[in-house]
Amino acid sequence: MRKTQIAVIGYNEDWCTDAAKNIAYEVGKEIALSGSVLICGGLGGVMEGACKGAKENTGLTIGILPTGEFESANKFCDVVIPTGIGFSRNFIVATSVDGIIIVGGGVGTLIEISVGYMLKKSMIAMTGSGGIADEYGGKYIDERKRIKILKRKNPNKAVQDIIKTRI
């Protein structure tokens, strides 16, 4: 049976708060402990925090980069996919997973959420992480009400909720 694939999306290094990075670390740790695969955009901030949490707990991490250079990836990515397609890589991140966990985030995160919403992916916003997560947690993105973005404070609960939707 295929492993569950979970995206962690959110702030890049330029806007990432310490709180968001710490939450991302805990989410990455829980993904690894669950035996799932972590997929992210492969850069700094939330992505690096999540990958670090997964790596320090023997998890597998995949970074799908916007650039065409392997060197752009954070040092905790096991598998690096340099796409060279900029923000279009957000479509690949959101499409390649069973569910999405949102930690903070700005417009790039909103792109991934929009794709996940259209594909009816399970999405969970980590409360207290700021940005897009706090803005859209507990809501539908539009009046079509395709899928509600759930809110969670506990990283383990967030990961388990995504795993349950796959089974």
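As a reminder, the structure under discussion sits directly above these lines.
Residues numbered from 1 in each chain as written. Predicted model: local features only at pLDDT ≥ 70, side-chain atom pairs only at ≥ 80, totals over all residues. Heavy atoms only, no water.

1. Considering the packing of helix H1 (residues 18-33) against helix H2 (residues 46-55)
Right, so step 1: Their axes nearest at 6 Å, the elements H1 and H2 cross at an angle of 40 degrees. Taken together, the axis directions place H1 and H2 in an arrangement best described as oblique. Crossing geometry of H1 relative to H2 is assigned as right-handed. Contacts from Ala20, Lys21, Ala24, Tyr25, Gly28, Lys29 and Ala32 in H1 reach Val46, Glu48, Gly49, Ala50, Lys52, Gly53 and Ala54 in H2.
Right, so step 2: When its residues are assigned to classes, the contact of H1 with H2 shows seven nonpolar, three polar and four charged. (Axes fitted to C-alpha atoms, helices over the stretch in contact; angles between N-to-C directions. Helix = DSSP H or I, 4+ residues; strand = E, 2+ residues; numbered from the N terminus. Parallel < 35°, antiparallel > 145°, perpendicular 65-115°, else oblique. Left-handed = near helix turned anticlockwise from the far one by under 90°. Contact = heavy atoms within 4.5 Å. Nonpolar A, V, L, I, M, F, W, Y, C, P; charged D, E, K, R; others polar.)

2. A look at the nonpolar core
Where a protein is soluble and globular, its nonpolar side chains tend to be buried together.
Right, so step 1: Grouped together as the largest cluster of nonpolar side chains are 31 residues, with contacts concentrated most on Val8, Leu38, Val46, Ile101 and Val103.
Right, so step 2: Listed by contribution, the elements that provide at least two residues to this core are strand S1 (5-10), H1, strand S2 (37-40), H2, strand S5 (99-103), strand S6 (122-126) and helix H6 (155-166).
Right, so step 3: Core analysis: the next-biggest nonpolar cluster, separate from the first, contains 20 residues, Val37, Val115, Ala133 and Ile149 among them. (Core = buried A, V, L, I, M, F, W, Y, C linked by side-chain atoms within 4.5 Å. Buried < 20%, exposed > 50% of the residue type's maximum accessible area, 1.4 Å probe, protein only.)

3. Notes on unusual backbone geometry
Right, so step 1: Phi at Thr58 takes a positive value of approximately 55 degrees, unusual for a residue other than glycine.
Right, so step 2: Among the secondary structure elements, Thr58 is positioned in the loop between H2 and strand S3 (60-65).
Right, so step 3: For Thr58, a relative accessible area of 75% translates into the label exposed.

4. Overview of the side chain of Asp98
Right, so step 1: Topologically, Asp98 is positioned in the loop between helix H3 (89-95) and S5.
Right, so step 2: At 2.8 Å, the side chain of Asp98 and the side chain of Arg2 are in polar contact.
Right, so step 3: Not counting residues within four places of it along the chain, the set of residues in contact with Asp98 comprises Arg2, Lys3, Thr4, Gln5, Lys121, Ser122, Ile162 and Arg166. (Polar contact = N/O pair within 3.5 Å; in protein donor to acceptor, adjacent residues only side chain to side chain.)

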